Amino acid sequence: MNIQKLAGNIPVNQISGKLKNGVSLDKVSTDSFTAGENVAQILNSKLKSIYGINSSIEDKKLLGKIYSAVQEFCRINQDDKLFQNLKISTDKIYTGDLSRTSKIGGTYEITFNKDTDWKNIGSITEDLFQKGKIGSKNPDYLFYKDLGDFINFSQTPKTYRECRLMAYEGENMTLPFRLCNNTNVGEFNAHVIASKMCKEALPRDIEAYFRKNTGNMSLKFPESIPKFLEGSKISFKTIDEAAAFLRQYGIKAEFSDIKQANCCAQAVEDLIQAAGSKDIFNGLKIINSPDSFKESGKTVAKFDFNYETFENNIKLNPNIDWQNSENMMTEDFNIMFHPTTRLKDYFTHELSHFLDFNGNPEKFLKMENEFGRFNKSGLFITSKVSDYATEHPAEFCAEYICGKMAGIEYPKITDDMFKQFWNGCKINFPAAC
């Protein structure tokens, strides 16, 4: 078989032909070849002839992953020349890193660590995600990150070098920790590229900061829309019907808007089902309290506890425009203040405070009085949830529950912190979406 001729006959802009025996080029698998064929030589030739990449890699599993990632980048951007003259190789990296990107003279190179067990890249990615070091469990994430780093480097070299010397200095100090464990702007940019290629729906502020720090880089990404579990869809026609529904669970409620009432009822039903008990909110009062929101006009609700009488209330802001409330919740998501865009989660948050307090009032009160904002280690862990979650353990727990009830999967380090601070009843969260 003439490998060079085989690869050379593939049209540069036609990634839809056949390699051999009916194997489609757009879904190349290293298992598509017979045992006697030199898979690495075939893939290296294809990388050169189609994409202009010079590869000396012999690990067929690693090559298959790289080829797939290259192909996806080029397909989305409709440009087979994105990686022209890139060199890729394997070598021993003594720092233990999986890869590194460099430029020697006029040549850009991505070096992959030859000591890495690339056959188990899925497990490696999973482990890094659970430690909060990367923004997705997708096994292609690390390859998108490296290739995106090259594109950033080659398209905007001056901006790239500047970013590599910069630490994040934006208004929201939690922003880079949402995706990685590094405040270096260059690293952050690479993680944003990988997350976008993995179709992770990122808040607007993350994308805006990324675009700001990548100069005029014109890279395109697949469309990604935030996806959250819907949960309870219960709906009433009148405020009185909603209040009657809540009374069966021991909740006395007054509302000023039917949309507000339905969101509350849905959040209550979701949490009752997850906890497996109808009594978890017994004794709760939900009241309109205009005087409580004179200095916080955009706050929807707040939990107010009384340690002596246990008359615990959720106070509602009657001045909220519930007919346009979706825009407010979407904006909170985009600035990373809340983890979801679900309106009901304004109530999920406050209801979680009620459960937290009732589970262990003394511990909750002590935490309320003695615990300030998280230190750097805590910020790294809680930032995976939201900016609001970084302010205090009680806020972290409430925000975490909002995310989990919406089907968000958090790293194990974040799950473990929730277990450390949560005082409330056991909640069986739904599976991640």
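So, here is what we can say about the structure in this document. (Residues numbered from 1 in each chain as written. Predicted model: local features only at pLDDT ≥ 70, side-chain atom pairs only at ≥ 80, totals over all residues. Heavy atoms only, no water.)

Counting secondary structure elements, the protein contains 16 helices and eight strands. Taking all 433 residues of the protein together, 54% fall into the buried category. In the protein, the share of contacts with a sequence separation of at least 24, taken over all contacts with a separation of at least 6, comes to 61%. Of the accessible surface of the protein, which amounts to about 20,100 Å², a share of 46% is contributed by carbon and sulfur atoms. (Helix = DSSP H or I, 4+ residues; strand = E, 2+ residues; numbered from the N terminus. Buried < 20%, exposed > 50% of the residue type's maximum accessible area, 1.4 Å probe, protein only. Contact = heavy atoms within 4.5 Å. Areas by Shrake-Rupley, 256 points an atom, 1.4 Å probe, with all protein chains shown as cover.)

The subject of this paragraph is the nonpolar core. Core analysis: the largest hydrophobic core is formed by 60 residues, its most contacted members being Ile-251, Val-268, Phe-281, Ile-286, Leu-351 and Phe-396. Ranked by the residues each element gives to this core, the list is headed by helix α10 (residues 258–275), at 10 residues. In this structure Ile-251 touches Leu-246, Val-268, Phe-281, Leu-284 and Ile-286, once residues within four positions along its chain are discounted. Counting 57 residues, the second largest nonpolar core, distinct from the first, contains Ile-66, Cys-163, Leu-175 and Met-197. (Core = buried A, V, L, I, M, F, W, Y, C linked by side-chain atoms within 4.5 Å.)

It is worth spelling out the side chain of Lys-196 at this point. Here Lys-196 is to be found in helix α7 (residues 185–197). Not counting chain neighbours up to four residues away, the residues in contact with Lys-196 comprise Leu-202, Glu-207, Phe-221, Pro-222 and Ser-224.

Take the sheet that holds strand β5 (residues 252–253) next. Spatial strand order, β5-β6-β8-β7: four strands in an open sheet with mixed pairing. Only two strands of the sheet have a single partner each, and these edge strands are β5 and β7 (301–304). On top of the sheet, helix α12 (residues 345–359) reaches β7 and β8 (313–316); it is set at about 5° to β7, its chief contact. (Pairing = 2+ DSSP bridges. Axes fitted to C-alpha atoms, helices over the stretch in contact; angles between N-to-C directions.)

Looking at the largest pocket, its volume works out to about 870 Å³. If you trace the largest pocket, you find 32 residues lining it, with Gly-135, Glu-200, Ala-201, Ile-408 and Glu-409 closest to the centre. Along the lines of polarity and charge, the residues of the lining of the largest pocket split into 18 nonpolar, six polar and eight charged. (1 Å grid on protein atoms, 1.4 Å probe; cavity = no way out; pocket = protein on both sides within 12 Å on 5 of 7 lines; lining within 4 Å. Points joined across faces, edges and corners; volume = space filled by probe spheres on them. Nonpolar A, V, L, I, M, F, W, Y, C, P; charged D, E, K, R; others polar.)

This part takes up helix α2 (residues 39–51). Because an α-helix packs 3.6 residues into every turn, residues spaced three or four apart end up facing the same way. Compared with the 18 Å implied by 1.5 Å per residue over 13 residues, the 17 Å span of α2 between its first and last C-alpha is a close match. Counting buried positions along α2 gives 11 out of 13 residues, so the element sits mostly inside the fold. Buried within α2 we find Val-39, Ala-40, Ile-42, Leu-43, Asn-44, Ser-45, Lys-46, Leu-47, Ser-49, Ile-50 and Tyr-51. The opening residue of α2 is Asn-38, an N-cap whose side-chain oxygen sits 3.3 Å from the backbone nitrogen of Ala-40. Just downstream of α2, Gly-52 is the residue with a positive phi angle, here 70°. (Expected span 1.5 Å × (residues − 1). Polar contact = N/O pair within 3.5 Å; in protein donor to acceptor, adjacent residues only side chain to side chain.)

Considering all chains together, one arrives at 20 salt bridges under this definition. A salt bridge links Glu-126 to Lys-137, with the nearest nitrogen and oxygen atoms 3.4 Å apart. You can see Glu-126 sitting in helix α4 (residues 121–130) and its partner Lys-137 sitting in the loop between α4 and α5 (141–155), a full 11 residues away along the chain. The shortest N-O distance in the salt bridge between Lys-233 and Glu-230 comes to 3.5 Å. Using a relative accessible area of 58% as the deciding quantity, one classes Lys-233 as exposed. Shared partners join several salt bridges into a network, and the residues in it are Lys-145, Asp-149, Arg-164 and Glu-187. (Salt bridge = Lys/Arg side-chain N within 4 Å of Asp/Glu carboxyl O.)

We now examine the pairing of strand β3 (residues 99–104). Looking at chain direction, β3 and strand β4 (residues 107–113) are connected through six bridges and run antiparallel. Its bridge partner being in β4, Ser-102 is matched across the sheet by Glu-109. Here β3 folds back onto β4 in antiparallel fashion, the turn holding two residues, of which Gly-105 has a positive phi close to 65°.

To continue, consider the side chain of Glu-395. Among the secondary structure elements, Glu-395 is positioned in helix α15 (residues 393–405). Buried charge without a partner: Glu-395 forms no salt bridge, and the closest opposite charge is Lys-302, 10 Å away. Not counting residues up to four positions away in its chain, the partners in contact with Glu-395 are His-349, His-353, Tyr-388 and Ala-389. (Lys, Arg positive; Asp, Glu negative; His and termini not counted.)

What follows is about the packing of α15 against helix α16 (residues 412–421). Relative to each other, α15 and α16 sit at 125°, their axes nearing to 10 Å. By the angle class used here, α15 and α16 are oblique. Our pair here, α15 against α16, has a crossing hand that is left-handed. Judged by residue contacts, Pro-393, Phe-396, Cys-397, Tyr-400, Ile-401 and Lys-404 of α15 engage Thr-414, Asp-415, Met-417, Phe-418 and Phe-421 from α16. (Parallel < 35°, antiparallel > 145°, perpendicular 65-115°, else oblique. Left-handed = near helix turned anticlockwise from the far one by under 90°.)

Let us now look at the packing of α5 against helix α6 (residues 157–164). The geometry of α5 relative to α6 is characterised by a closest axis approach of 5 Å and an angle of 120° between their N-to-C directions. Taken together, the axis directions place α5 and α6 in an arrangement best described as oblique. Contact residues: α5 offers Asp-149, Asn-152, Phe-153, Ser-154 and Gln-155, while α6 offers Pro-157, Tyr-160, Arg-161 and Arg-164. For the contact of α5 with α6, the per-class residue count stands at three nonpolar, three polar and three charged.

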